[in-house]
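Structural characterization, general
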Amino acid sequence: MHELPVTKSILDIVIKHAEANNVKKIISINLMIGDLSELENEWIQRYFDYLSKDTIAEDAKLKIKRVPVVMQCSQCSHTFEVNIREIKEIQCPRCGRTKNFSIISGREYYIKDIEVQ
Amino acid sequence: MQEVRLIEVKEEILSGNKALADQVRQKMRDRRTYLLNLMSSPGAGKTSLILKTIEELKDELQMGVIEADIDSMVDSEKVAAQGITVIQLRTGGFCHLDAAMVSKGLDVMDLDTLDLLIIENVGNLVCPAEFDTGATRNAMILSVPEGDDKPLKYPLMFSICDVLVVNKIDYLDYEDFDLETMKERVLNLNPDIKVLEVSCRTGEGISAWTSWLRKEVAAFNIR
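A brief look at the structure comes next. Please read all numbers here as calculations on a predicted model, not as lab measurements. Every chain's residues receive numbers from 1 upward, in the order its sequence appears when written. Note on labels: chains are lettered from A, ligands numbered from 1, in written order. Totals for whole chains, interfaces and linings use all residues, but because this is a predicted model, local features are given only for residues with pLDDT of at least 70 and pairs of side-chain atoms are given and counted only at 80 or more. Water and hydrogen atoms play no part in the side-chain values, which are based on all heavy atoms of the structure.

**Describing the overall build of chain B**
As a reminder, the rule being used: Runs of H or I in DSSP of at least four residues are treated as helices and runs of E of at least two as strands, each being numbered from the N terminus. Here the globule rule reads 2.2 Å times residues to the power 0.38, and the radius of gyration is calculated from C-alpha atoms. To sort residues, take the accessible area from a 1.4 Å probe on protein chains only and compare it with the maximum for the residue type: under 20% means buried, over 50% means exposed, and anything in between is partly exposed.
Per the secondary structure count, chain B includes nine helices and eight strands. In summary, chain B has a C-alpha radius of gyration of 18 Å against a globular reference of 17 Å for 223 residues, a match within 12%. Its C-alpha atoms put chain B at 70 × 45 × 35 Å along the principal axes. Of all 223 residues assigned to chain B, the portion counted as buried reaches 56%.

This is the structure:
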């Protein structure tokens, strides 16, 4: 249910950047979303289509790139990708340690760039 | 046909909320009121934990509560009955509180008289995790009947909290809830999280929770 304020925020940000660059039309919006966050493309596109009517972002396509969760081992500093649904068995592939990791990426929630005319 | 070009944006989707949340945090620091954002699923025991906390700490701390509910006053009436300052934010269908809503709530509170202000967020493990409220600390409750697999399903929530209160531990004997497995899952996501086990019904573990909170508020006031 938080898609609506999120979508509104995306629209406000891209319009702000588009206006600053004298853009006539926004064609697509590239989003980077970490695997720890939820954002369903289909739903957010529907909200976006509704909110963006009669703006320069009307008909723009939202393209979501998922960023994998990467953890760092506190013992050997090795970084590795993790399937977050399997966090029970996390083990550092280098030193074998099974505890104390920090999350390096996976919380991304930002707009990378926009394709415009 | 005009040429298509690329404009770099590199902006957080919720940057507006984040900026407002930082303002709220600064305001609370200036006014020396510790703001705790309490989150959980519906029915995990947010109101019960708040009532227990009031019972234990009301003689030593001036407390207030911000209640967020989609459309009811049930929780705020329970808290107000304890003689505590409470304001109700009706989110009108929204599934979470954001910094703007919290900020509105703060406007009608006399912060100078408060040491501790608790936000009872909307019962939900998804949306509140995305929206910074400006709280000093984030706390969440996981209750035993919900199951030990919740960190696998809602990793973001477990990763943003400073403290996890495991409530309804009096149910452990009746549920297939493996406390150690759950803790391992949470600590893998968030090695710094503090885990406390309580039962709001029997009172078990409540003193460990209130002593953690008491220390937090004291440390915040020294800074």
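**A closer look at the side chain of Lys 52 of chain B**
All names here are of chain B. Using the following cut-off: For the purpose of charge, His is not counted, nor are the chain termini; Lys and Arg are scored as positive and Asp and Glu as negative. Basic side-chain nitrogens of Lys or Arg form a salt bridge, by our definition, when they fall within 4 Å of a carboxyl oxygen of Asp or Glu. In this analysis, two residues are considered to be in contact whenever any of their non-hydrogen atoms come within 4.5 Å of each other.
Within the element layout of this structure, Lys 52 appears in helix α2 (residues 46-57). For the buried residue Lys 52, which engages in no salt bridge, the nearest side chain bearing the opposite charge is Glu 55, 4.1 Å off. Ignoring any residue separated from it by four or fewer positions in sequence, one finds Lys 52 in contact with Cys 200 and Ile 206.

**Things to note about the nonpolar core**
Where we set the bar: Throughout, nonpolar core names a set of buried Ala, Val, Leu, Ile, Met, Phe, Trp, Tyr and Cys residues whose side chains join them through atoms within 4.5 Å.
Ranked by internal contacts, the top residues of the largest apolar core, which has 31 residues, are Met 71 and Phe 80 of chain A together with Leu 164, Val 166 and Met 182 of chain B. When contributions to this core are tallied by element, the ones reaching two or more residues are β3 (69-73), β4 (79-82) and β5 (101-105) of chain A together with β6 (137-143), α7 (155-160), β7 (163-167) and α8 (179-189) of chain B. Apart from residues no more than four positions distant in its own chain, Met 182 of chain B is found in contact with Leu 142, Asp 148, Pro 151, Leu 164, Val 166 and Phe 177 of chain B. Counting residues in hydrophobic clusters, the runner-up holds 28 residues, among them Tyr 34, Leu 61, Met 63 and Ile 84 of chain B.

**Considering the pattern of salt bridges**
Residues and elements named next belong to chain B. The full count for this structure, using the stated rule, is 19 salt bridges over all chains. Linking Lys 18 and Asp 22 is a salt bridge whose minimum nitrogen-to-oxygen distance equals 3.1 Å. A residue pair is termed a helical-turn pair when its members lie 3 or 4 positions apart in one helix, as Lys 18 and Asp 22 do in helix α1 (residues 15-31) at four residues. Judged by its relative accessible area of 41%, Lys 18 falls in the partly exposed class. When its relative accessible area of 35% is taken as the criterion, Asp 22 is described as partly exposed. Across the pair Arg 185 and Asp 148 runs a salt bridge whose closest N-O atoms are separated by 3.6 Å. Note that Arg 185 is positioned in helix α8 and Asp 148 in the loop between β6 and α6 (150-153), a separation of 37 residues in sequence. Exposure remark for Arg 185: the relative accessible area of 10% places this residue in the buried category. With a relative accessible area of 14%, Asp 148 lands in the buried category. Among the charged side chains, a network of salt bridges with common partners joins Lys 18, Asp 22, Arg 25 and Asp 132.

**Topic: the sheet that holds β5 of chain A**
In a beta sheet, neighbouring strands pair by backbone hydrogen bonds and run either parallel or antiparallel. All names here are of chain A. Defined as follows: Here a strand pair is declared whenever DSSP counts at least two bridges between the two strands. Every axis corresponds to a line fitted to the C-alpha atoms, with the helix fit spanning only the stretch in contact, and the corresponding angles, defined between N-to-C directions, vary from 0 to 180 degrees.
Reading across the sheet, the three strands line up as β4-β3-β5 and stay open at both edges, with antiparallel pairing between neighbours. Each edge of the open sheet is held by one strand with a lone partner, namely β4 and β5. Adjacent strand axes in the sheet meet at a mean angle of 40°, parallel and antiparallel pairs treated alike. Across four bridges, the pairing between β3 and β5 is antiparallel. Residue pairing across strands places Met 71 opposite Ile 103, the latter belonging to β5.

**Some remarks on the environment of Gly 83 of chain B**
Within the fold, Gly 83 of chain B resides in the loop between α3 (74-80) and β4 (85-90). The spacing of Gly 83 of chain B and Ile 54 of chain B is 29 residues in sequence and 9.5 Å in space, taken between C-alpha atoms.

**Focus: a negative patch on the surface**
For clarity, the cut-off: Patch criteria: residues need more than 30% relative accessible area and no salt bridge. Like-charged residues are merged within 9 Å; nonpolar side chains of Val, Leu, Ile, Met, Phe, Trp and Tyr are merged within 5 Å. Computed by Shrake-Rupley with a 1.4 Å probe, the accessible areas treat only the displayed protein chains as cover when residues are assessed. Positions of charges follow a simple convention, taking NZ of Lys, CZ of Arg, CG of Asp or CD of Glu.
On the surface, a cluster of negative charge is made up of Glu 86 and Glu 89 of chain A together with Asp 178 and Glu 184 of chain B. Position of Glu 184 of chain B relative to the elements: it lies in helix α8. A relative accessible area of 40% places Glu 184 of chain B in the partly exposed class.

These figures capture arrangement, not role.
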